[in-house]
Amino acid sequence: TVTSAKKADGFEIPAAGKVKDIVEEDGNGEEMDDVGPEMDIGKDGLMKKIVKEGDGYEFPVNGDEVEVHYVGSLLDGTRFDSSYDREMPFKFKLGLGHVIQGWDDGIKTMKRGEKAFFTIPPALAYGESGSPPTIPPNATLKFEIELISWTKVKDICKDGGILKTILTEGENWQTPKDPDEVVVKYEARLDDGSLVSKSEEVEFTVKDGCFCPALSRAVKTMKKGEKTFLKVKPQYAFGEKGREPAGDHECFVPPNTTLQITLELISWKTVHEVTTDNKVLKKVLKEGEGYDRPNDSAVVQVKLTGKLEDGTVFVKKGHDEVPFEFKIDEEQVIDGLDRGVKTMKKGEVSLLTIHPEYAFGSTESHQEYATIAANCTVYYEVELISFEKEKNLWELTTQEKIEASMRKKEGGNSLFKKQKYERASKRYEKALSFIEYDSAFNEDEKQQAKLLKNSCNLNNAACKLKLRDYKQAVKLCTKVLDVDSKNVKALYRRAQACIQLVDLDLAEMDIKKALEIDPDNRDVKLEYKLLREKVKEYNKKDAQFYGNIFTKMNKMEHLNYANGVRKQEVGPMTIDNKA
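Residues numbered from 1 in each chain as written. Predicted model: local features only at pLDDT ≥ 70, side-chain atom pairs only at ≥ 80, totals over all residues. Heavy atoms only, no water.

- As annotated in an unreviewed UniProt entry, the chain carries the name peptidylprolyl isomerase and comes from Ambrosia artemisiifolia.
- The record held by UniProt for the chain lists under Catalytic activity (unreviewed entry) the comment "[protein]-peptidylproline (omega=180) = [protein]-peptidylproline (omega=0)". (UniProt positions renumbered as here; feature names shortened; annotations may be inferred.)

See below:
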């Protein structure tokens, strides 16, 4: 009865005077207790009354295959259909128009195991035509519905190309990502049951895929241990070309063929992109404990083995009784190892893939067991045994903050001398973070902090000049001049940046002021000489630019005159005098 074609045989409309009182009963004919009030569902007159609460918090959604028991009756209480009578639940896909709209709208509001009465108006049932001979025209229907269960059907690509039905739920909530390496079992068949391909266990990187495009897309929606059934349309299978059999027991896949694939996600190794340019990658071989990770300046204890691409071991540390110890972000190991270990948890074992930019660069490097060629990618298997984090800022005393700032500044100086300007800049910024807020400092500490701030900002400005970030260099020097207007270094470096930004007027002001304060400063004098040369150069360019314009104008005038065009009076250039 709930479908447009189905009718109950032997139905008769009751004669006048024989209408029965309506009694709410369950499918076995027993009267049911009230549980909840009757409520509106939507705005079209659908009413619902819960008579048995369901379990959990989930509700079915469009596309899910639901399994229900039901009893249908008219308002006079006369039954016209019941799944209980057939001793078989009714299954259908929700929200696809396979049943009357009142069912689609109502069952979406139910939980697993819930039982409810629905009053469905004609517009959401069989309307003006009814469903003769069982359902009269314009009939309001009453249904007792029990939602037994449902099977989730997910449209993975939102185009109906891969429909996924979960057969066995997986563990936890994590799902694989593109860089991860997964291990799966799969079996693919045609609609007639012919075997296309079967694999016991196969490992692949998600983004690289396996067998057909559907597998990599589907596996990204799966949890560990999950088993699913996939209905795969040709565009995510083998398309217009089809597929030749790859083994004795496999069949040919014709062009434009839909596949049925059973897929199980056995396990996967998570691969993290440690750097945004994907040049330091971390594959987790063994998960660590908890959520805590080392911070900058943490002291870490590790076991590590470094290898080349061909498997040659070039270094091995911490495998004896004493782990190898180093301090994060202190230049004690290569940059990629520093960054990778910082993302690890205690007890974690990971494989780090480190490109030359974060390893040994463009020069040959002699290591413990082998020599690493220039521009070589290296691999480290690392186990993080333990670590001791640096104190958080709020845990430090005021004097400890000043000492920590000084250490970071010295680290920045060391990096600057090694021409590692970007890392040096970050170190100066870190140094500033310890003393940025000095309200709790005493007078002596405030004076120390002021000198440190100026020093870090000036040194950072020097980094920005080297990195050609001239606007940031100007900002940093201005911060210093705001508290020390006669700081010669700040005037000098701001002038350098302004020359590069072609702000020659401000550059000249800064240089003249610096020379007033320190007339014998050689560096400032040289910069003044450079400024004068720049001014001459730009004046020459301006003269050439305007000279070219006037030359072109004269040529045009001569050409117009030669062609008999009447020469027009040229008025003076005007400016907009409005404020």
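Next comes the rest of the account.
### Topic: the packing of aromatic side chains
The description of an aromatic ring pair rests on the distance of the ring centres and on the angle between the ring planes.
Then step 1. Inspection of every chain in the model, using the stated rule, returns 14 aromatic pairs.
Then step 2. Ring geometry for Tyr70 against Trp103: centres 5.0 Å apart, planes inclined by 80°, an arrangement best described as edge-to-face. Of this pair, Tyr70 sits in strand β3 (residues 65-74) while Trp103 sits in helix α2 (residues 101-107), and the two are 33 residues apart along the sequence.
Then step 3. Residue classification places Tyr70 among the buried residues on the basis of a relative accessible area of 0%.
Then step 4. Their ring planes at 55° and their centres at 6.3 Å tell us that Tyr70 and Phe143 sit as a pair that is tilted. Here Tyr70, found in strand β3, pairs with Phe143, found in strand β7 (residues 141-151); they are 73 residues apart in sequence, far enough to count as distant.
Then step 5. Taken together, Tyr70, Phe80, Phe90, Phe92, Trp103 and Phe143 form an aromatic cluster joined through their ring pairs.
Then step 6. One cation-aromatic arrangement involves Arg112 over Trp150; the distance from NZ or CZ to the ring centre is 4.2 Å.
Then step 7. For the cation-ring pair, Lys317 lies above Phe324, with the distance from its terminal atom to the ring centre recorded as 5.3 Å. (Phe/Tyr/Trp six-rings, centres within 6.5 Å; stacked < 30°, edge-to-face > 60°. Helix = DSSP H or I, 4+ residues; strand = E, 2+ residues; numbered from the N terminus. Buried < 20%, exposed > 50% of the residue type's maximum accessible area, 1.4 Å probe, protein only. Lys NZ or Arg CZ within 6 Å of the ring centre and 35° of its normal.)

### Re helix α8 (residues 470-483)
Then step 1. A rise of 1.5 Å per residue sets the reference length of α8, with its 14 residues, at 20 Å; its end C-alpha atoms lie 21 Å apart and thus fit the reference within 8%.
Then step 2. Those residues of α8 that fall on the buried side of the exposure criterion are Tyr470, Ala473, Val474, Leu476, Cys477, Val480 and Leu481. For α8, the angular spread of the buried residues around the axis is 165°, confining them to a single face. Facing away from the buried side of α8 by more than 90 degrees, the exposed set consists of Lys471, Lys475, Lys479 and Asp482.
Then step 3. Residues of α8 that are buried sit in contact with α7 (443-466) and α9 (488-500). (Expected span 1.5 Å × (residues − 1). Arc of directions from axis to C-beta. Contact = heavy atoms within 4.5 Å.)

### Concerning the UniProt feature "repeat: TPR" (unreviewed entry) in the chain
Then step 1. With numbering matched to this structure, UniProt assigns "repeat: TPR" (unreviewed entry) to residues 488-521.
Then step 2. For the annotated span residues 488-521, helix accounts for 79% and strand for 0% of the residues, and the straight-line distance between the end C-alpha atoms is 9 Å.

### A short note on the side chain of Arg494
Then step 1. On the secondary structure map, Arg494 appears in helix α9.
Then step 2. Of the residues examined, Arg494 reaches a relative accessible area of 14% and is grouped as buried.
Then step 3. Within polar-contact distance, the side chain of Arg494 engages the side chain of Asp510 at 2.8 Å.
Then step 4. Once residues within four sequence positions are removed from consideration, Arg494 is found in contact with Val474, Cys477, Thr478, Leu481, Leu506 and Asp510. (Polar contact = N/O pair within 3.5 Å; in protein donor to acceptor, adjacent residues only side chain to side chain.)

### Considering the nonpolar core
Then step 1. If you look at the biggest cluster of nonpolar residues, it comprises 31 residues, and the most contacted ones within it are Phe211, Val232, Leu259 and Ile261.
Then step 2. Every element with two or more residues in this core is listed here: β10 (181-189), β11 (195-205), α3 (213-219), β12 (227-232) and β13 (259-269).
Then step 3. The element contributing the most residues to this core is β13, with 5 residues.
Then step 4. In contact with Phe211, not counting residues within four places along its chain, are Tyr186, Ala188, Val196, Ser197, Phe238, Arg243, Leu259 and Ile261. (Core = buried A, V, L, I, M, F, W, Y, C linked by side-chain atoms within 4.5 Å.)

### Re the pattern of salt bridges
Then step 1. In this structure the tally under the stated criterion is 31 salt bridges.
Then step 2. Between Asp64 and Lys152 there is a salt bridge; the shortest N-O distance is 3.4 Å. Of this pair, Asp64 sits in the loop between β2 (46-52) and β3 while Lys152 sits in the loop between β7 and β8 (153-155), and the two are 88 residues apart along the sequence.
Then step 3. By relative accessible area, which is 0% here, Asp64 ends up buried.
Then step 4. The partner of Arg423 in a salt bridge is Glu331, with the nearest N and O atoms 2.2 Å apart. Linking Arg423 in helix α6 (residues 421-435) with Glu331 in the loop between β18 (324-327) and α4 (335-342), this pair joins segments that are 92 residues apart in sequence. (Salt bridge = Lys/Arg side-chain N within 4 Å of Asp/Glu carboxyl O.)

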